Amino acid sequence: MPHVAWTELEAAARQDAQSRIQDQFAADPDRLSRMTLDAAGLHLDLSKQSWSRAGFEAALAQARACDVEGRRAALFAGEAVNLTEGRAVLHPALRAPDGASFHALGEPVSAEVEAVRAEMKTYAQALRCGNETGATGRRFEAVLHIGIGGSDLGPRLIWDALRPLDPDIDLRFVANIDPRDMAEALVGLDPETTLVVVVSKTFSTQETLTNAEAAKAWLAASLPGEGLAKHFIGVTAAPEKAQAFGCGRTFAFRDWVGGRYSLWSAVSLSCVLALGWEVFQAFLDGAAEMDRHFLEAPLEKNAPVLLALAEIYNVDGLHRGARSVAPYAHALRRLPAFLQQLEMESNGKQVRRDGSAAGRQTCPVVFGEPGSNGQHAFFQQLHQGPQVVPIDFIVVRRTCEKASATALWANALAQAQALMLGKSEAEAHAELIASGASEAEADRLAPHKTFPGNRPSTTVVMERLTPQALGALIALYEHKTFVEGVIWDINSFDQWGVELGKVLAKALLKDVASGAPSADLDPSTAALLSRLAPAR
Ligand SMILES: O=P(O)(O)OC[C@H]1O[C@H](O)[C@H](O)[C@@H](O)[C@@H]1O
């Protein structure tokens, strides 16, 4: 396909850069109804974005010109959309209801997906009711989940979001190769009642294998050798490697499940064990509902498409290179970290699918913190910094059964309002005078108390943080990421950018082991290495 021009979108954005968001409501009386929608139990409000009606139409035209609908069909049809690795990308198959018929590169996959789901369900039931025990016959009371990147962030998000206050199974996570992570996770655990779930798509990730070995040593110190396998579960696309490591049981998934899209698979087994199958099924159902919406809703009322277009408009039209995300729910505190991997590992690319230079900004830097904590930290920059940073507010109406979350969501709404409206220097001046400041004092302080405003945001609202709502929310961002990749014409499903560092780390470890740094090290790295390497 020839490269699509950006002329109209850029021209519309130049125009919109001259206007203020709040004035768009008067200019276009339908703005609120056109820019709000409901999908899979979530409500989205994109009316505080920077686009005018013409700007939105230009963004929509860009999506059509890039054949978002055709590429979406190719994704769901299991074509090799990950073209640098020749793989299908079929995470929607993992959450589709029983009886679906997905194909990966022409091969049927749904029966296998259902079989693994059934296996997870049976195993979880047996473990939770005490039929599946450890080497000494005691029931499992804790699960230690070892994995990193896509084999960690998703399950951790699910657990934090959905865990009961007082869980009957204690779920701990270890990702970092820093031994401190493992040491903290093991505090208070009893080897006899701990199940270790080693999660790695490749089963060759250095951090995960190192931590798995450490866990093995910890278990071996107190358990009979022959029973060790009962305490090790492998979740991987390379089951033979998990068996060779000593896992007594493995749950498999295929290479058409990308690491950062794998939380719908057995990668979340630990969560299934700790939360029960019903909770996980509801989580899958929420995502499947978002899949249906993504497939069926017209582009102009399609939640992932609109979310993607708002970002495209900010990045490509208005040159905004960062986006913040603020979940106003303590239980969603890991969402920013999850989205960082999902979006930046998917779309942080500089070449098009055909290998030519993208020649433009692609994925913005994504960062965030839960609200309202972030307000007391980096929001200063969002309100008054020279750089405009669009933000997504995730608002949960009721976060807790016992207490009202009104103060929480009122803060979210107020932040979005403040970012959009701002405060002029004249207003700041008048306020200072009204509070008793002298004219000279008001002149001096007013510039410091001025807010430029006109800063865009999207608000996503859910009634409660149910498993369904969480599933829908994550699927919403997955499809948004996909649509952006289509419009930027990049492959969202490889991650070559993480490889070089791994190779160099291996070489440095070799240097340390041999005690002889290789001669071709740059002076800075050589000096740091000699400072850090233990003297021989
Ligand atoms: O699941 P694994 O094979 O252990 O991979 C874990 C993670 O490491 C890799 O370096 C990639 O950056 C991630 O996409 C992946 O999720």
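Quick caveat: nothing in here was measured; it's all calculated off a predicted structure. (Residues numbered from 1 in each chain as written. Predicted model: local features only at pLDDT ≥ 70, side-chain atom pairs only at ≥ 80, totals over all residues.)

Draft legend 1. Highlighting helix α1 (residues 7–16). If you check which residues of α1 are buried, you get Leu9, Ala12, Ala13 and Asp16. Taken around the axis of α1, the buried residues stretch over an arc of 100°, which confines them to a single face. The exposed set on the far side of α1, more than 90 degrees from its buried face, consists of Thr7 and Arg14. (Buried ≥ 20, exposed ≤ 12 C-beta atoms within 10 Å, placed from the backbone. Helix = DSSP H or I, 4+ residues; strand = E, 2+ residues; numbered from the N terminus. Arc of directions from axis to C-beta.)

Draft legend 2. Region of the structure containing unusual backbone geometry. Cis geometry marks the peptide bond from Gly371 to Ser372, where omega comes out at 5°. Even without a glycine there, the phi angle at Asp67 is positive, about 60°. Looking at the element boundaries, Asp67 is found in the loop between α4 (53–65) and α5 (68–76). Not every positive phi belongs to a glycine, and His319 is a case in point at roughly 55°. Along the chain, His319 turns up in the loop between α14 (303–317) and β10 (322–328).

Draft legend 3. Local environment of the site of the ligand. Taken together, 14 residues sit near the ligand, with Gly149, Gly150, Ser200, Thr205 and Gly259 positioned nearest. Among the residues making up the shell around the ligand, the classes are represented as 2 nonpolar, 9 polar and 3 charged. (Near = placed C-beta within 6 Å. Nonpolar A, V, L, I, M, F, W, Y, C, P; charged D, E, K, R; others polar.)

Draft legend 4. Layout of the packing of α4 against α14. Here α4 crosses α14 at 110°, and the two axes come no closer than 10 Å. In terms of orientation, α4 lies roughly perpendicular with respect to α14. Two secondary-structure elements touch here, α4 through Gly55, Ala59, Leu60, Gln62 and Ala63 and α14 through Val305, Leu309, Ile312 and Tyr313. Partitioning the contact of α4 with α14 into residue classes produces 7 nonpolar, 2 polar and no charged. (Axes fitted to C-alpha atoms, helices over the stretch in contact; angles between N-to-C directions. Parallel < 35°, antiparallel > 145°, perpendicular 65-115°, else oblique. Contact = placed C-beta atoms within 7 Å.)

Draft legend 5. Looking closely at the UniProt feature "active site" (unreviewed entry) in the protein. Following the UniProt record, the feature "active site" (unreviewed entry) maps to Glu345, His376 and Lys502 here. The greatest C-alpha distance among the residues just named is 36.4 Å, and with 158 residues of sequence between them they are spread in space as well. Inspection of the secondary structure assignment puts Glu345 in helix α15 (residues 335–347). Filtering out sequence-adjacent residues up to four positions away, Glu345 remains in contact with Arg260 and Gln495. By secondary structure assignment, the location of Lys502 is in helix α21 (residues 499–514). (UniProt positions renumbered as here; feature names shortened; annotations may be inferred.)

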